[in-house]
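# Results of the structural survey
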Amino acid sequence: MTKISFQFNRLNPRSTVRLLLLKDLVHSLHPSNSNSINYIKMESIISNSSSPPIVNNHTLSSSSLKTNNNNHTNGSNGSFDPSSHPAPKEEAGKMGSSLNSKPKVVSGTAGYVLEDVPHLSDYIPNLPTYTNPLQDNPAYSVVKQYFVHVDDSVPERITVHKDSPRGVHFRRAGPRQRVYFESDEVQAAIVTCGGLCPGLNTVIRELVCSLYHMYGVKKVLGIEGGYKGFYARNTKTLTPKNVNDIHKRGGTILGTSRGGHVTTKIVDSIQDRGINQVYIIGGDGTQRGASAIFEEVRRRGLKVAIVGIPKTIDNDIPVIDKSFGFDTAVEEAQRAINAAHVEAESFENGIGVVKLMGRYSGFIAMYATLASRDVDCCLIPESPFYLEGPGGLFDYIEKTLKENGHMVIVIAEGAGQELVSESIQSENTQDASGNKLLQDVGLWISQKIKDHFTKQNTLPITLKYIDPTYMIRAIPSNASDNVYCTLLAQSAVHGAMAGYTGYTSGLVHGRQTYIPFYRITERQNHVVITDRMWARLLSSTNQPSFLNSKGANEEKKGEELKQLADGNCSDETLVNKEISCIYHNAL
Ligand SMILES: Nc1ncnc2c1ncn2[C@@H]1O[C@H](COP(=O)(O)OP(=O)(O)O)[C@@H](O)[C@H]1O
Ligand SMILES: O=P(O)(O)OC[C@H]1O[C@](O)(COP(=O)(O)O)[C@@H](O)[C@@H]1O
Ligand SMILES: [Mg+2]
């Protein structure tokens, strides 16, 4: 018998899910061997745990599904691991409760796993339910099937092999037969936090309209100025009438802010105002804040649904296909790139440099480059580069100028930060939310290029630097983002009315889903430079990879190891590799 050991460096809910998948796979391939899987850390967690597993009978009809004995928490003492859930420094001490709810992981046959979301009835017994008012809604009466089947779920990965386990799934969003709120009882609140993103107003509008028109909810409050607005600012009554044309405007009619998340004060305010549905629109920081609010609400036993709606122009939120506003931002970035191209083309040895947003994730720069085709070099935070010497950026610029007479460089704001800090001394400053304030890499690189070619005195260059940063996020959303925002908002409302809570409403493989907060906050989404998408970009620009082949292999190996250790595979090949390795060991 082969004994398999699998040690997780850091135990998180993902580790458990992966263990379940591996166990199911090994069991299906080699039933006699499955007991040999040695759950090193799990064993101690399971045996130490005294609380029963969460079984959510009202939401699961299939008897083949079972809630595993997975009373895992994010740390052995039941609190979140702060290293994987960093809080902004100045706020960390102010957070109210310890984050201690348990992920609801349900397993089925053939390696099926449902990473379910919390429900109000998990912690409030005997909640009454009501017929969904949509049943009498003329708009819905033409639909054959009004309601989402209770067992509908959406797979996290859709590329599978013949023998792959069915894998992780998320609960499919949509209206349910029974709702947990009466229309008159609902006092909803909407808040927008963090940086701007195209589509914020569309989401606000559609939340208000969905609540009013689909569920007859008449009390909707807008919280002004982000999280701190709960306790330090005014509120605004929102009606379909006063939000009617806000989707045509950029920004957020509610205002937004960074910092100011004090969980207990926010939940006090929710309680004082009698709010029982909170819709929180924001990025990774905001979703962490929403998770903290959910935990505190749950700890106090309040019948309040906490719903996150993911907003991120950087596209740095994991699991979801992409954030609303991303397409609009990429489209707007084309205008800056076009301008840079026209300028560069019009001068001898013209260089256009465009800086785009992307603190830690270079998605906007990557997609804007792929869309434009005028870009000769795209620099992102995930792909280190160097300036001097063979294969460096200066070399490439010289070659391109000699061949084409002009070039366009797109650089994400977080790219090359290590190089900038080598040459510019600066204090390690943060914004109010604890995000690191970055140096202006666009200005820096423009100056470096100018200095280099002046010193060389070989190619007289003309460089134009364009920084459209705020222009691409302050605009209204385009048509496809408007549709996306509408569906997101409707899904969010259906979920809250059905009593779900502690979830982010998000699109996974084109389907609306409810994703538990911990999956959204556990890591950031990054461009994986060993994935095909980055290779596509490199082949479209013909830029150097800035990695020799040895370096590339090391990068790939390092990336895979890191992802395996973290339990964060962004590429299904990693999972397949890992599983096939276990499979071969098991045989
Ligand atoms: N770990 C955290 N816990 C609680 N609140 C947080 C956390 N991180 C950020 N926040 C709050 O979320 C809000 C938005 O965060 P920020 O990082 O500025 O933007 P984004 O949500 O777009 O990433 C801020 O009010 C901030 O205080
Ligand atoms: O100047 P601000 O408002 O802090 O915004 C700048 C930041 O906002 C972003 O666009 C998005 O950040 P968030 O998603 O965290 O709000 C970053 O790319 C950028 O660094
Ligand atoms: Mg953020």
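The structure presented is a predicted model; accordingly, all values stated were derived computationally and were not measured.

Of the regular secondary structure elements, the chain holds 19 helices and 20 strands. Looking at the chain as a whole, 57% of its 587 residues are labelled buried. Across the chain, contacts joining residues at least 24 apart in sequence account for 79% of those joining residues at least 6 apart. Summing over all exposed atoms, the chain offers an accessible surface of approximately 24300 Å²; the carbon and sulfur share of this is 50%.

Looking now at the site of ligand 1. Taken together, 20 residues sit near ligand 1, with Gly259, Asp284, Thr286, Lys311 and Ser433 positioned nearest. Contact distances for ligand 1 include 3.0 Å between an oxygen atom and a backbone N or O atom of glycine 283. A distance of 2.5 Å separates an oxygen atom of ligand 1 from a polar side-chain atom of serine 433. Contact with the protein chains covers 96% of the free accessible surface of ligand 1, which is 550 Å². Each residue belonging to the shell around ligand 1 can be placed in one class, and the counts come to 5 nonpolar, 11 polar and 4 charged.

What follows concerns the sheet that holds strand β18 (residues 462-466). Overall, parallel pairing links the 4 strands, which are arranged β16-β17-β15-β18 in an open sheet. Every interior strand has two partners, whereas the edge strands, β16 (377-379) and β18, have only one. Looking at each pair of strands side by side, their axes are set apart by 15 degrees on average, direction ignored. Pairing between strand β15 (residues 350-356) and β18: 5 bridges, direction parallel. What sits directly across from isoleucine 351, in β18, is leucine 463.

A few words on the confidence of the model for the chain. For the chain, per-residue confidence averages 82 on the pLDDT scale, and 75% of positions sit at 70 or higher. Here residues 1-13 is modelled with pLDDT under 50, and outside its nearest four sequence neighbours on either side it reaches 45 contacts, counting other chains as well. Low confidence marks residues 564-587, where pLDDT is under 50. Its contacts with residues over four positions away, or in another chain, come to 52 contacts. The complex prediction reports pTM at 0.82, with the ipTM value standing at 0.99.

Attention now goes to the UniProt feature "binding site: substrate" (unreviewed entry) in the chain. The sites that carry the UniProt feature "binding site: substrate" (unreviewed entry) are, in the present numbering, Thr312, Ile313, Asp314, Met357, Gly358, Arg359, Glu413, Tyr470, Met471, Ile472 and Arg473. Secondary-structure assignment places threonine 312 in the loop between β14 (305-310) and α10 (326-346). Judged by relative accessible area, which is 5%, threonine 312 ranks as buried. Here the side chain of threonine 312 touches aspartate 316 through a polar contact of 2.8 Å, side chain to side chain. Its place among the elements puts glycine 358 in the loop between β15 and α11 (363-372). Classification of glycine 358 by relative accessible area gives buried; the value is 0%.

The subject of this paragraph is the site of ligand 2. Taken together, Gly194, Gly195, Arg258, Lys311, Ile313, Asp314, Met357, Gly358, Arg359, Glu413, Tyr470 and Arg473 form the complete shell of residues around ligand 2. Arginine 258 is positioned with one of its side-chain polar atoms (N or O) 3.0 Å from an oxygen atom of ligand 2. In isolation ligand 2 offers 480 Å² of accessible surface; the protein chains occlude 84% of this area. Looking at the shell around ligand 2 residue by residue, the class counts come to 3 nonpolar, 3 polar and 6 charged.

Now for the pairing of strand β19 (residues 503-508). When you tally the buried positions in β19, you get 6 out of 6 residues, the bulk of the element. Side chains of β19 alternate between two faces, with Tyr503, Ser505 and Leu507 and Thr504, Gly506 and Val508 buried alike. In this sheet, β19 lies alongside β14 in parallel orientation, the contact comprising 2 bridges. By the bridge assignment, valine 307 is partnered in β19 with tyrosine 503. Sheet topology note: the β19/strand β20 (residues 511-516) ladder contains 6 bridges and is antiparallel.

Phi at asparagine 126 is positive, roughly 55 degrees, even though this residue is not glycine. Position of asparagine 126 among the secondary structure elements: in the loop between α4 (120-123) and β6 (130-131). One non-glycine residue, histidine 509, lies in positive phi territory at about 50 degrees. Residue position: histidine 509 is located in the loop between β19 and β20.

Criteria and thresholds
- Residues numbered from 1 in each chain as written.
- Chains lettered and ligands numbered in written order.
- Predicted model: local features only at pLDDT ≥ 70, side-chain atom pairs only at ≥ 80, totals over all residues.
- Heavy atoms only, no water.
- Helix = DSSP H or I, 4+ residues; strand = E, 2+ residues; numbered from the N terminus.
- Buried < 20%, exposed > 50% of the residue type's maximum accessible area, 1.4 Å probe, protein only.
- Contact = heavy atoms within 4.5 Å.
- Areas by Shrake-Rupley, 256 points an atom, 1.4 Å probe, with all protein chains shown as cover.
- Near = heavy atom within 4 Å.
- Polar contact = N/O pair within 3.5 Å; in protein donor to acceptor, adjacent residues only side chain to side chain.
- Nonpolar A, V, L, I, M, F, W, Y, C, P; charged D, E, K, R; others polar.
- Pairing = 2+ DSSP bridges.
- Axes fitted to C-alpha atoms, helices over the stretch in contact; angles between N-to-C directions.
- pLDDT = per-residue confidence, 0-100.
- UniProt positions renumbered as here; feature names shortened; annotations may be inferred.

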